[in-house]
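# What the coordinates show
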Amino acid sequence: MENQGNINSIPEEKPVLNFIEEIIESDLQTGKNGNRVHTRFPPEPNGYLHIGHAKSICLNFGLAKKYHGKTNLRFDDTNPTKEDVEYVDSIKEDVRWLGFQWDGEYFASDYFQQLYDWAIQLVKDGKAYVCDLTQEQMSEYRGTPTRPGKESPYRNRSVEENLDLFQRMKNGEFPDGSRVLRAKIDMASPNMHMRDPIIYRILHAHHHRTGDQWCIYPMYDYAHGESDSIEKITHSICTLEFEVHRPLYDWFITQLGIHHPQQIEFARLNLSYTVMSKRKLLQLVQEKRVMGWDDPRMPTISGLRRRGYTPESLRMFAEKVGIAKRDNVIEVSFLEWCIREDLNKRAQRVMVVQNPLKVVITNYPEGVEEELDAINNPEDESMGVRKVPFSRELYIERDDFMENPPKKFFRLSPGTEVRLRYAYFITCQEVIKDENGEVVELRCTYDPASRGGNSPDGRKVKSTIHWVSAQHSLDVEVRLFERLFLKHDPEETEEGEDFRANINPDSFTILSHCKAEPFLKSSKPLDHFQFERLGYFTTDYDSEKENRLIFNRTVSLKDSFAKG
RNA sequence: UGUCCGAUGGUGUAAUUGGCAACACGUCUGUCUCUGGAACAGAAGAGUUCAGGUUCGAAACCUGAUCGGACAACCA
């Protein structure tokens, strides 16, 4: 680097702007919205939020924060047949948990009256009409992307007739599906969405907020832009598939002559090996193939939370994947890197043995116990130390012993000396087996002078292993989850393959013979730990319900899913 | 046989709008450590989908192609 060493020539840190920030900054410069930035996060309450929504949440709230603006939370509840209050509650909880606080909280249903009045205005202006075509006829008349559509025979009804019919639609005089209100635009438009799109449909359905007050409901395209406009949103950010809808978004607002937010599209998040379709996730829940929306295998925010992901890690992930218009597929390993990065700095270390092997220290006095100091987090001294009990009988990890070790194996084997972390050097003297030849116990000797983990003679050991004192140990249950859809990369899923193939309520590994430090007794749901050498774990909600300690593995210490 | 979008190391995003293609993750090498694929130090890796054109100069502008995506729900 030519600038090295010369402090004066170090270039100023250039802020890296994504294309949306560029639009906002340019609007700010021209004073387009009176220097206001107002975004919104507009989920439909028809399911739980997933990691893809997290990207959108971080974007919208992040932008508002960066430009000292505001962000609304708006529920796009225009289809009562799919929506429910359970979902609005979960959405609020998830957004809050992610660390964001919205300025306004609204529902599209708050605007039903205004939307209706505007529809009347469109009818009066001759820009909307009631159409009696059946669904089949309408799709026939609509044409195809390569062939223009043709006009509905009802297209030229008089304003009076339209007004009358629309009011009677509203009054519940017609059955579902019998008529719709359509915008009068252009049946020959190359953009299918401009071929006289439907504005209102008849739906005699109970709405979770407005009850039975309405039996006609606005379509997304009609309700969304207007809702943005009512809330004086400046930048309406959505995903790429709505790009084709933008002309329609603009059309309604222009016809109505109301505040005009700018719709900006960005590429949605795709995660390798992960199914993110709400419809499919709902299917898993309904078929009870998972414990619920918050099953630790689910890519939902609540599932990730229960699995031990932190808001910080998700925010870091969202920031690092960036914002662009190009389709992308992010490796799940990258998400896992983010959570390791975060947890490495803050997770309390604790020794847990997943597959215990008994070790007896033959030269350690019986009936004696002592407490040794263990560091809570080598990455963060301020987390302090704790006491770990030590006694004559211990458990170590079965994998940490090999009777006939290969060359690179430095852990315990007959005759070798290793360090018990924070404790003593021990040497394996004898291997005890059962009648099947299985190793059931090790007899070792310890060096009393190596207390704390170092020998005064400066002798080195090749390895340090973790352990727990048998009599003090806690029995805990550990759940190991795979990624949700291990073999199904959305890119590679073959046609006809069932994405639910290996998802079952109990299709994860439960280790029920784990031995842990007594320290864990006080752990509460969603506490984060690093079980030394084994990975990051979090206490499951079920611990309280079932009155025993259950831990979910958030992620292993290493990337066991590395490409290959 | 339509319209609209997009294409930059293995991955994801940049490139002050025409001026030496940068950052992060991953990969590799080394050091260190009382867990560790942690930490620390270093290296390799793209000439920007292709073919033309404009220009002193193109990832960027123009033309044509190729590949990928979106759009034909009374869903959002």
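Up top is the structure.
Read on for a plain summary of the structure. (Residues numbered from 1 in each chain as written. Chains lettered and ligands numbered in written order. Predicted model: local features only at pLDDT ≥ 70, side-chain atom pairs only at ≥ 80, totals over all residues. Heavy atoms only, no water.)

### Remarks on the sheet that holds strand 17 (residues 425-433)
Here we have 7 strands laid out as an open sheet, ordered 19-16-17-18-12-15-20, and mixed in their pairing. The open sheet is flanked by strand 19 (464-465) and strand 20 (467-469), the only strands paired with a single partner. Where strand 15 (residues 393-397) meets strand 20, 3 bridges bridge the pair, whose relative direction is antiparallel. Looking at the pairing, Leu 394 lines up with Ser 469 of strand 20. (Pairing = 2+ DSSP bridges. Helix = DSSP H or I, 4+ residues; strand = E, 2+ residues; numbered from the N terminus.)

### Re the nonpolar core
Among the nonpolar cores identified, the biggest contains 36 residues, and Ile 51, Ile 57, Val 95, Leu 271 and Phe 317 are the most heavily contacted of them. Mapped by element, the contributors of at least two residues to this core are helix 2 (51-66), strand 2 (70-75), helix 3 (85-97), helix 10 (301-307), helix 11 (311-321) and helix 12 (332-346). Not counting the four nearest positions on each side in its chain, Phe 317 is found in contact with Ile 51, Leu 269, Leu 271, Ile 330, Phe 334, Leu 335 and Cys 338. Formed by 32 residues, the second largest nonpolar core is a distinct cluster that contains Trp 118, Leu 165, Met 169 and Ile 216. (Core = buried A, V, L, I, M, F, W, Y, C linked by side-chain atoms within 4.5 Å. Buried < 20%, exposed > 50% of the residue type's maximum accessible area, 1.4 Å probe, protein only. Contact = heavy atoms within 4.5 Å.)

### Comments concerning the packing of helix 4 (residues 112-124) against helix 8 (residues 246-256)
Taken N-terminus to C-terminus, the directions of helix 4 and helix 8 make an angle of 80°; their axes are 10 Å apart at the nearest point. As judged from the angle between their axes, helix 4 and helix 8 are roughly perpendicular. Here Trp 118, Gln 121 and Leu 122 of helix 4 lie close against helix 8, whose contacting residues are Phe 252, Gln 255 and Leu 256. Residues belonging to the contact of helix 4 with helix 8 are distributed by class as follows: 4 nonpolar, 2 polar and no charged. (Axes fitted to C-alpha atoms, helices over the stretch in contact; angles between N-to-C directions. Parallel < 35°, antiparallel > 145°, perpendicular 65-115°, else oblique. Nonpolar A, V, L, I, M, F, W, Y, C, P; charged D, E, K, R; others polar.)

### Observations concerning the protein's contact with RNA strand B
What surrounds RNA strand B is a group of 58 residues, the closest being Arg 326, Gly 452, Gly 453, Arg 533 and Lys 558. For RNA strand B, the fraction of atoms within 4 Å of the protein that belong to sugar or phosphate moieties is 57%. One nitrogen or oxygen atom from the main chain of Pro 145 is found 3.0 Å from a base nitrogen belonging to RNA strand B. Breaking the surface near RNA strand B down by element, the ones donating at least two residues are helix 5 (135-142), strand 6 (198-202), helix 11 and helix 12. Along the lines of polarity and charge, the residues of the surface near RNA strand B split into 22 nonpolar, 16 polar and 20 charged. (Near = heavy atom within 4 Å. Polar contact = N/O pair within 3.5 Å; in protein donor to acceptor, adjacent residues only side chain to side chain.)

### What to know about the layout of surface pockets
Taken as a whole, the largest pocket encloses approximately 1500 Å³ of empty space. For the largest pocket, the lining is made up of 45 residues, of which Glu 44, Glu 241, Phe 242, Arg 268 and Lys 278 are closest to its centre. Among the elements of the structure, strand 1 (38-41), helix 2, helix 7 (220-230), strand 8 (235-239) and helix 9 (278-286) are those that each provide at least two residues to the lining of the largest pocket. Broken down by class, the residue content of the lining of the largest pocket amounts to 18 nonpolar, 16 polar and 11 charged. (1 Å grid on protein atoms, 1.4 Å probe; cavity = no way out; pocket = protein on both sides within 12 Å on 5 of 7 lines; lining within 4 Å. Points joined across faces, edges and corners; volume = space filled by probe spheres on them.)

### Quick notes on the packing of aromatic side chains
The geometry of an aromatic ring pair is captured by two quantities: the separation of the ring centres and the angle between the planes. Overall, the coordinates contain 27 aromatic pairs when judged by the stated rule. When the centroid spacing of 5.3 Å and the interplanar angle of 80° are considered together, the rings of Phe 390 and Trp 467 count as edge-to-face. Residue Phe 390 is located in strand 14 (residues 385-390), and its partner Trp 467 is located in strand 20; the two are separated by 77 residues in the primary sequence. Comparing Phe 390 with Trp 467 shows no difference in burial state: the two are buried. Among the aromatic residues, those joined into a ring-pair cluster are Phe 112, Tyr 116, Phe 166, Tyr 200, Trp 214, Tyr 217, Tyr 222, Trp 251 and Phe 252. Sitting over the ring of Tyr 116, Lys 170 keeps its end group 4.8 Å from the ring centre. A cation over an aromatic ring shows up here: Arg 305 above the ring of Trp 97, its NZ or CZ 5.1 Å from the ring centre. (Phe/Tyr/Trp six-rings, centres within 6.5 Å; stacked < 30°, edge-to-face > 60°. Lys NZ or Arg CZ within 6 Å of the ring centre and 35° of its normal.)

### Observations regarding the environment of Ala 267
Looking at the secondary structure, you find Ala 267 in the loop between strand 9 (262-266) and helix 9. With 27 residues separating them in the primary sequence, Ala 267 and Leu 240 have C-alpha atoms 5.3 Å apart. Not counting chain neighbours up to four residues away, the residues in contact with Ala 267 comprise Lys 55, Leu 240, Ala 324, Lys 325, Arg 326, Asp 327 and Asn 328.

### Structural notes on the pairing of strand 13 (residues 370-375)
Covered by surrounding structure in strand 13 are Glu 370, Leu 372 and Ala 374 only, the residues Glu 371, Asp 373 and Ile 375 on the alternate face being uncovered. By the bridge criterion, 6 bridges tie strand 13 to strand 14 in an arrangement that is antiparallel. Following the sheet pairing, Ala 374 is matched in strand 14 by Arg 386.

### Re empty space enclosed by the protein
For the coordinates displayed, the defined rule picks out 3 cavities of 30 Å³ or more. In this structure, the largest cavity spans a volume of roughly 180 Å³. As for the largest cavity, its lining consists of 17 residues, and the residues nearest its centre are Leu 304, Arg 307, Val 332, Leu 335 and Arg 483. Elements represented by at least two residues in the lining of the largest cavity include exactly helix 10 and helix 12. No other element matches the 3 residues that helix 12 contributes to the lining of the largest cavity. Of the residues belonging to the lining of the largest cavity, the class tally is 10 nonpolar, 2 polar and 5 charged.

Such coordinate-based values are descriptive only and should not be taken to indicate function.
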